[in-house]
4 protein chains.
Amino acid sequence: MKKEDIKKVILAYSGGLDTSIIIPWLKENYNNCEVVAVSADVGQESELDGLEEKAIATGASKLYILDLKDEFVEDYIYPCMKANAVYEGVYLLGTAFARPLIGQKLVEIALKEGADAICHGCTGKGNDQVRFELAIKAFAPDMPIIAPWREWDIKSRDEEIDYAESHNIPLKINRETNYSKDKNLWHLSHEGLDLEDPMNEPMYDKILEMGVTPEKAPDTPTYITLTFEKGIPVALNGEKLGGQAMVKKLNEIGGANGIGIIDMVENRLVGMKSRGVYETPGGTILYKAHELLETICLDKATQHYKQGVAQKFGELLYDGQWFTPLREALSAFVDKTSETVTGEVKLKLYKGNIIPAGMNSPYTLYSEQIASFGEDDSYDQNDSAGFINLYGLPIKVKAQMDAKTKK
Amino acid sequence: MKKEDIKKVILAYSGGLDTSIIIPWLKENYNNCEVVAVSADVGQESELDGLEEKAIATGASKLYILDLKDEFVEDYIYPCMKANAVYEGVYLLGTAFARPLIGQKLVEIALKEGADAICHGCTGKGNDQVRFELAIKAFAPDMPIIAPWREWDIKSRDEEIDYAESHNIPLKINRETNYSKDKNLWHLSHEGLDLEDPMNEPMYDKILEMGVTPEKAPDTPTYITLTFEKGIPVALNGEKLGGQAMVKKLNEIGGANGIGIIDMVENRLVGMKSRGVYETPGGTILYKAHELLETICLDKATQHYKQGVAQKFGELLYDGQWFTPLREALSAFVDKTSETVTGEVKLKLYKGNIIPAGMNSPYTLYSEQIASFGEDDSYDQNDSAGFINLYGLPIKVKAQMDAKTKK
Amino acid sequence: MKKEDIKKVILAYSGGLDTSIIIPWLKENYNNCEVVAVSADVGQESELDGLEEKAIATGASKLYILDLKDEFVEDYIYPCMKANAVYEGVYLLGTAFARPLIGQKLVEIALKEGADAICHGCTGKGNDQVRFELAIKAFAPDMPIIAPWREWDIKSRDEEIDYAESHNIPLKINRETNYSKDKNLWHLSHEGLDLEDPMNEPMYDKILEMGVTPEKAPDTPTYITLTFEKGIPVALNGEKLGGQAMVKKLNEIGGANGIGIIDMVENRLVGMKSRGVYETPGGTILYKAHELLETICLDKATQHYKQGVAQKFGELLYDGQWFTPLREALSAFVDKTSETVTGEVKLKLYKGNIIPAGMNSPYTLYSEQIASFGEDDSYDQNDSAGFINLYGLPIKVKAQMDAKTKK
Amino acid sequence: MKKEDIKKVILAYSGGLDTSIIIPWLKENYNNCEVVAVSADVGQESELDGLEEKAIATGASKLYILDLKDEFVEDYIYPCMKANAVYEGVYLLGTAFARPLIGQKLVEIALKEGADAICHGCTGKGNDQVRFELAIKAFAPDMPIIAPWREWDIKSRDEEIDYAESHNIPLKINRETNYSKDKNLWHLSHEGLDLEDPMNEPMYDKILEMGVTPEKAPDTPTYITLTFEKGIPVALNGEKLGGQAMVKKLNEIGGANGIGIIDMVENRLVGMKSRGVYETPGGTILYKAHELLETICLDKATQHYKQGVAQKFGELLYDGQWFTPLREALSAFVDKTSETVTGEVKLKLYKGNIIPAGMNSPYTLYSEQIASFGEDDSYDQNDSAGFINLYGLPIKVKAQMDAKTKK
């Protein structure tokens, strides 16, 4: 499609500086095209009041506000948590979770609206542009995508503000710089400024929003009990909670106890290393509880193999490969292994620590009788002599060969 | 070799109850054979004074005391830490580290002494019997191995004490039960008693010996700086430290700050799940610091592949497969990747938390200029459009095919 | 259960020498127990006529003959073929396939008969004992298992024959030695004799039974077309065929064309290397056709990941781990990836070669337009410049760092 | 660097149509820059006589001819063969091998000549552009790269010829189309034309150049014996041969016997599937012999793990990631495992088949005595009972749990 044929554009819209100036920019650069703004609520808690007026004031023809919070938790986060999907050992994928979901919804609206293109405000250096665009390609493979940051001449926040002011866009923003953030129900990320030098210790007191540092957490521990059914958390302290309520409640508890703060240098999909601070208080608790429960519900072979699956799953998600055959097949694997991941996990939360405090499952494969060093009926200690002889046979044969070849 | 031909036996000897009664038992059951006791000092801090008298009093002909602490750290622990080798995500392999080393030394002494067999006091339900015996097979493939716990009728601690008393073995032990422990320079493990039910929260105040709980740790954080060269820690707060001194010093600091306490259900090599509490204060710090440094010194592809290597390395070690071609080849891989893992890592230790506080390396692959969302010369944001189009091509083609087949 | 309480035993019975002498041996050694013989027909084409008389004549109380051929192909072989499960790159798992199925059936009969134990005639050095016993444990975890080869004093074929003769067991066997074989619908294996030295070239003209060598195959190629639906072969040259008929027909065609002969040294589960010759004419064709079809039906990421799954699946099957959570979860993965493995594959069979001769699928991800070096609309060659710059960014950054550190 | 500052360009030059027209095109489009042509001889057997005149006649200032054949085999092919590196199960990486080597040499000459850019004639749809450019980035991270196929308006072979004719470039080419080929010492690839439809059976009689089809191969088999030292082939039929001579000789023998013809649909790095026919007669023999030898020289654990390494190694090579830390670390792994891969392999070559005909090694881990089903001293069959009980313990525990939860 030629640029001049683009008459209607769907814009992923937050109401922040970036997406606010994109509206007039699109109209200026794409034949005064119609701009339909779409705001996805994944729990970022930005103000929705007055958002429609704002979008329209800056030139949008319409604003969709989509409440995606339940889908976000139940269709994206929980399937990943069941996989123990983590990126590079520590990152709980907060930003990555939201992108495929939003991308898919943008396509739905674009098709409904008969739009000619989809536009997003991601920069050209980050992962999110990839995640958005792969999701769009998965549902509208030929849909043109406009990424202003890769096109326009604006290179900094100051230039953005200049642009906004020159277009009479009323913004409650001053020129003071700020960390680059991404927030949703699951997490809050911080990048930029002093964090760009890995030598700098983060100024947590200025940064944190979802909770406090371990130092500021209470001196008394908090105990909680989580109940899982088939790998999914269903109750907290005996109270049934849906996904959204569960994450919110655990964010409160975890945040208050200084839990889930990560400072990492990660490898972005687009080739460079970057450094970020992540807050995922509730998520950290859920992942930990789930992993603990798996240690009694999964057999060793499954547990060990699943470690590789977890890594791959995390990489796929990070890389925006959610709507792909491989991710779907790995989910089938994970769903199968989760069938017996049912039970209760008690945790002690204390100043940044999540300490196991007891767990149980009707499907537990832990046998106190067999584990105990005392006598039992299921395990004949003499068997281990035979086991070792066969298990060690390759070592023995190798040693015999070594002895021969060294002569 | 027939049982009646065994005239001289090497015994892995600790001076504790188990190995003390093995001496008379061997003599009674193996033709009054000569028993040469060998005590390996891997930092377990058991009393060595009077050990020789004790061994001889119970029937041994001789006692070797081997100081293996330096070898233990430098030839076993450090190579594993370079690999980030961990078992089932959390266990830092403290017990597993020591076995191959001790097994190898037992063979050396057996060959020197012209012994007919090697004897150890491991039970028939644990991993250590396998680790010991595989190490023995690696150096003396045809050496008979005697494992009294798999042979005798003694089934409990009480029966052991009865046996000891009936053989006039003077033991400073009462019949009160106690956790089953394994201690060395790197760690202390606890199993048994109330821990055998995963529902029970560990009674840490009774259990811990190497440090305190996070609750009892100081209210003020401790900052430390570790210097690594090629993946090996060489200095603490600027002071050069050899392996043994490094681990000891970090055990003190880590233990004081409530660091490195693990409570886990693990899958033993011999087929069952077991539950243990591990203290590895210094080791936990070292592993964490090393992993952090790798995030800036290793490229993404190596980092991601190395996660699989770390898991395999941990499993091999846990399973007693130290003296094997695969472990050696994985070490060659790890040594190669470690060539640029040089630099400094600053950590903040606070009540169980290890918080990154800055790191740097002459080999850092982190580029502030490229990571920054501002302009730079190395990275053209337009490139990402092309990247996404090719990276997303399989998704696009799949979507086009889907559209066709759904018609 | 004590030996003396065993009153009724289920015996996996073939009517051959081994299992024939086991009947009187069991009665002699297990209190004259009742022996219920069970013959599983998995296509081994041994004579079933007169088998009942024979079993009863040697002391069995009863003979079950189970026709498992359809289950064998459809529930065991096809699921593995969908996974491309192969052991050590070449072995198509013919023996391993049959064991779990038979083991499961033995348990069913044992429970129905109220038997006290299950007995099999596998030697103590092979894999099959493990496969049988793991299958039994999966359905009757506490069922005693009797493995005469691990108990009795008979050590060779000659001693077996002596035993048979001394017990008046009429056997059509002479003392001439023979290869150790295992046959079923899928394959025929040969071990022993001159094959035990890997330096010896197999005497194929004496060995082969399911087909001929490439030299003896026709000088004219045979073309066939296989149709797959969701990874399962459903038609040959347009004719619909069920599993059993499909494998039989392909065995004929493949065998005639010298296809599917493997000579390998493999690593047994029980620790040693062994050497075998395998004939799998039809299976080799099916595997190859399936793999070819996957190259157009699966996307790259799935194809590459599935290579690891194929290896693991093959190892699990070889190791007797069929009835395990991990195998089941991997099957869920494979079933998901197989949903689009539908289409036709044409093959040219010629003197041991299977040569692709064309394939197609409604789900093909191959796009002639995109693959072609000519122009197309879906692919802008300029995109690759951006792709390379981002894909190569880690190499560039590394090179810049190298340049700096070398100064 | 700005386009107008490019005054001297290094061109990877073959003398074919593509690179011939690039010379005048560069001069026209890059300020009449100096063009230094570089021809790398990796065994492609194109005519080198008169190449210098030709290059200069079309506008080059100079031609370097580099004989890289020995390096190609010894530093690239052999290290990959030691790894059993293969792409997608079948492709022996012939094109991929040559690119990093040539790329590195281009940089050497560029630095020596003080050139401002490097130019190659790869299209924008293929893998080779990536491989070349990653190699260039590895040694000259900031060197500008010119890829005319991504810049110019020429879109087809006909347009190329028009361009050549309009610039008076004398070419011995007619407008008849031809397969797109890549040739070197190791292989010859064919793409394009009728091969672009996977339904078409290749017209081998028109395509093949390095050998014949199995049908046309001799009716009598050829036996050869290959000797390996530490994973490297050093002698053929007892005659010591260097890398180049070895590959040439085996190409003759293999080609004559119809060996090493592959027809595949592969996944290119740049996102699409493509179909190619590859001839690798000698290489196929070498890989097979090496793999066979490893089956007796490597222990099971190493062999199994190495399968994953082989896949990764092949992918890295295919993807142009030769000069990377991960490839180097995997090579360290492979070198370690290759230390005992020494011995002889006899093969029977017959009409496309490579049939093992005996092998031996001083380091063989195959023990006839242990493998045999007869008696031996190293293996006590009773041990397997204990082995199975422990190995099967997780299955037993799972079955006991299943029984409980089903009640």
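Fair warning: this is a prediction, and the values are worked out from it, not measured in the lab.

Some words on the pattern of salt bridges
Close approach of charged atoms lets side chains of opposite charge pair.
All names here are of chain B.
Piece 1. In this structure the tally under the stated criterion is 92 salt bridges over all chains.
Piece 2. The salt bridge involving glutamate 113 is made with lysine 8; its shortest N-O contact spans 2.7 Å. With glutamate 113 in helix H4 (residues 94-113) and lysine 8 in strand E1 (residues 8-12), this pair connects stretches of sequence that are 105 residues apart.
Piece 3. You can call lysine 8 buried: its relative accessible area is 15%.

Considering the sheet that holds strand E6 (residues 180-183) of chain A
Residue and element names in this part refer to chain A.
Piece 1. Taken in spatial order, the four strands of this open sheet run E6-E7-E12-E11, and their pairing is antiparallel. Each edge of the sheet is formed by a strand with only one pairing partner; in this case those strands are E6 and strand E11 (261-267). The average undirected angle you get between the axes of adjacent strands in this sheet is 25 degrees.
Piece 2. Bridge count between E6 and strand E7 (residues 188-191): four bridges; the pairing is antiparallel. Residue pairing across strands places serine 180 opposite glutamate 191, the latter belonging to E7.

So, the relation of the copies chain C and chain D
Piece 1. You can overlay chain C on chain D at an RMSD of 0.0 Å; the transform is a turn of 180 degrees with a shift of 0.0 Å along its axis. Both chain copies can therefore be described as sitting about a two-fold axis.

Brief notes about the interface of chain B and chain A
Piece 1. Between chain B and chain A, the contact holds 95 residues from the first and 95 residues from the second.
Piece 2. Overall, the association of chain B and chain A removes approximately 8700 Å² of surface from exposure, summing both partners, and the carbon and sulfur fraction of that is 55%.
Piece 3. Run the count over chain B and chain A and you get two salt bridges.
Piece 4. Inspection of the chain B/chain A interface yields 44 residue pairs in polar contact (both at pLDDT 80 or more).
Piece 5. Here the residues of the side of chain B that touches chain A sort into 38 nonpolar, 29 polar and 28 charged.

Focus on the nonpolar core
Piece 1. Of all hydrophobic cores here, the largest spans 406 residues; its most connected members are Leu226(A), Leu226(B), Leu226(C) and Leu226(D).
Piece 2. Excluding its chain neighbours within four sequence positions, the residues that come into contact with Leu226(A) are Ala235(A), Leu236(A), Met246(A), Leu250(A), Ile285(A), Leu286(A), Ala289(A), Gly343(A), Glu344(A), Val345(A) and Leu347(A).

Structural notes on the interface of chain C and chain D
Piece 1. Across the contact, 95 residues belong to chain C and 95 residues belong to chain D.
Piece 2. When the two sides are added together, the surface that chain C and chain D hide from each other amounts to roughly 8700 Å², 55% of it contributed by carbon and sulfur.
Piece 3. Of the charged contacts in the structure, one is a salt bridge between Glu215(C) and Lys348(D), with a shortest N-O distance of 2.5 Å.
Piece 4. Inspection of the region where chain C meets chain D yields 44 residue pairs in polar contact (both at pLDDT 80 or more).
Piece 5. Of the residues belonging to the side of chain C that touches chain D, the class tally is 38 nonpolar, 29 polar and 28 charged.

What to know about the UniProt feature "binding site: L-aspartate" (unreviewed entry) in chain A
Residue and element names in this part refer to chain A.
Piece 1. Using the residue numbers shown here, the UniProt feature "binding site: L-aspartate" (unreviewed entry) corresponds to Thr123, Asn127 and Asp128.
Piece 2. For asparagine 127, the residues in contact, after removing those within four places along its chain, are Glu266, Arg268, Leu269, Val270 and Tyr318.
Piece 3. Taking relative accessible area as the criterion, aspartate 128 reaches 18% and is therefore assigned buried.
Piece 4. Leaving out residues up to four positions away in the same chain, aspartate 128 has contacts with Thr95, Arg99 and Cys122.

Focus on the UniProt feature "binding site: ATP" (unreviewed entry) in chain A
Residue and element names in this part refer to chain A.
Piece 1. Under the present numbering, the feature "binding site: ATP" (unreviewed entry) in UniProt falls on Ala12, Tyr13, Ser14, Gly15, Gly16, Leu17, Asp18, Thr19, Ser20, Ala40 and Gly121.
Piece 2. Mapped onto the elements, glycine 16 comes out in the loop between strand E1 (8-12) and helix H1 (17-29).
Piece 3. Tracing the backbone through its elements, the reader meets serine 20 in helix H1.
Piece 4. Residue classification places serine 20 among the buried positions, given a relative accessible area of 1%.

Brief notes about the sheet that holds strand E1 (residues 8-12) of chain C
All names here are of chain C.
Piece 1. Pairing within the open sheet is parallel, and its five strands lie in the order E3-E2-E1-E4-E5. Lying at the two open borders of the sheet, with one neighbouring strand each, are strand E3 (62-67) and strand E5 (145-146).
Piece 2. In the packing of helix H1 (residues 17-29) onto the sheet, the strands contacted are E1, strand E2 (34-41), strand E4 (117-119) and E5, and the crossing angle to E1 comes to about 170 degrees.

Concerning helix H9 (residues 243-256) of chain A
Piece 1. Under the 1.5 Å per step criterion, the end-to-end length of H9(A) is 20 Å for 14 residues, consistent within 8% with the ideal 20 Å.
Piece 2. Along H9(A), the positions that sit buried rather than exposed are Gly243(A), Gln244(A), Met246(A), Val247(A), Leu250(A), Asn251(A), Ile253(A), Gly254(A) and Gly255(A).

So, a negative patch on the surface
Piece 1. Among the surface-exposed residues, Glu47(A), Asp49(A), Glu52(A) and Glu53(A) lie close enough to one another that they form a single negatively charged patch.
Piece 2. Within the secondary structure layout, Glu53(A) lies in helix H2 (residues 51-57).

Thoughts on the domain arrangement of chain A
Residues and elements named next belong to chain A.
Piece 1. Split by domain assignment, chain A resolves into domain 1 (3-80 + 91-178) and domain 2 (187-298 + 341-360).
Piece 2. Distance between the C-alpha centres of domain 1 and domain 2: 29 Å.
Piece 3. With 18 residues of domain 1 at the contact, the number on the domain 2 side is 23 residues.
Piece 4. Our count for the domain 1 to domain 2 interface comes out at zero salt bridges.
Piece 5. The interface formed by domain 1 and domain 2 contains five residue pairs in polar contact (both at pLDDT 80 or more).
Piece 6. Mapped by element, the contributors of at least two residues to the side of domain 1 that touches domain 2 are helix H3 (69-82), helix H4 (94-113) and helix H5 (128-139).
Piece 7. If you tally residues by element for the side of domain 1 that touches domain 2, the top one is H3, at six residues.

As for the relation of the copies chain B and chain A
Piece 1. Structural alignment of chain B on chain A gives an RMSD of 0.0 Å, achieved by rotating through 180 degrees and translating 0.0 Å along the axis.
Piece 2. A shared interface surface links the copies, since 100% of the contact residues of chain B are contact residues in chain A too.

As for unusual backbone geometry
Most peptide bonds take the trans configuration, and most residues that are not glycine carry a negative phi.
All names here are of chain D.
Piece 1. Even without being a glycine, asparagine 31 presents a positive backbone phi close to 50 degrees.
Piece 2. If you check the backbone angles, asparagine 32 has positive phi at about 55 degrees while not being a glycine.
Piece 3. As for its placement among the helices and strands, asparagine 32 is situated in the loop between helix H1 (17-29) and strand E2 (34-41).
Piece 4. On the basis of relative accessible area, asparagine 32 is assigned to the exposed category, the value being 57%.

Notes on helix H9 (residues 243-256) of chain C
Piece 1. Against the buried residues of H9(C) lie helix H3 (69-82), strand E8 (222-229), strand E9 (232-236), helix H10 (281-297) and strand E13 (343-350) of chain C.
Piece 2. Phi turns positive one or two residues past the end of H9(C), at Gly258(C), with a value near 70 degrees.

What counts and how
- Residues numbered from 1 in each chain as written.
- Chains lettered and ligands numbered in written order.
- Predicted model: local features only at pLDDT ≥ 70, side-chain atom pairs only at ≥ 80, totals over all residues.
- Heavy atoms only, no water.
- Salt bridge = Lys/Arg side-chain N within 4 Å of Asp/Glu carboxyl O.
- Helix = DSSP H or I, 4+ residues; strand = E, 2+ residues; numbered from the N terminus.
- Buried < 20%, exposed > 50% of the residue type's maximum accessible area, 1.4 Å probe, protein only.
- Pairing = 2+ DSSP bridges.
- Axes fitted to C-alpha atoms, helices over the stretch in contact; angles between N-to-C directions.
- Least-squares fit on C-alpha atoms with pLDDT ≥ 70 in both.
- Contact = heavy atoms within 4.5 Å.
- Buried area = accessible area lost by both parts, 1.4 Å probe.
- Polar contact = N/O pair within 3.5 Å; in protein donor to acceptor, adjacent residues only side chain to side chain.
- Nonpolar A, V, L, I, M, F, W, Y, C, P; charged D, E, K, R; others polar.
- Core = buried A, V, L, I, M, F, W, Y, C linked by side-chain atoms within 4.5 Å.
- UniProt positions renumbered as here; feature names shortened; annotations may be inferred.
- Expected span 1.5 Å × (residues − 1).
- Patch = residues over 30% accessible without salt bridge, like charges linked within 9 Å, V, L, I, M, F, W, Y side chains within 5 Å.
- Areas by Shrake-Rupley, 256 points an atom, 1.4 Å probe, with all protein chains shown as cover.
- Lys, Arg positive; Asp, Glu negative; His and termini not counted.
- Charge placed at Lys NZ, Arg CZ, Asp CG, Glu CD.
- Domains from an automatic or database assignment.

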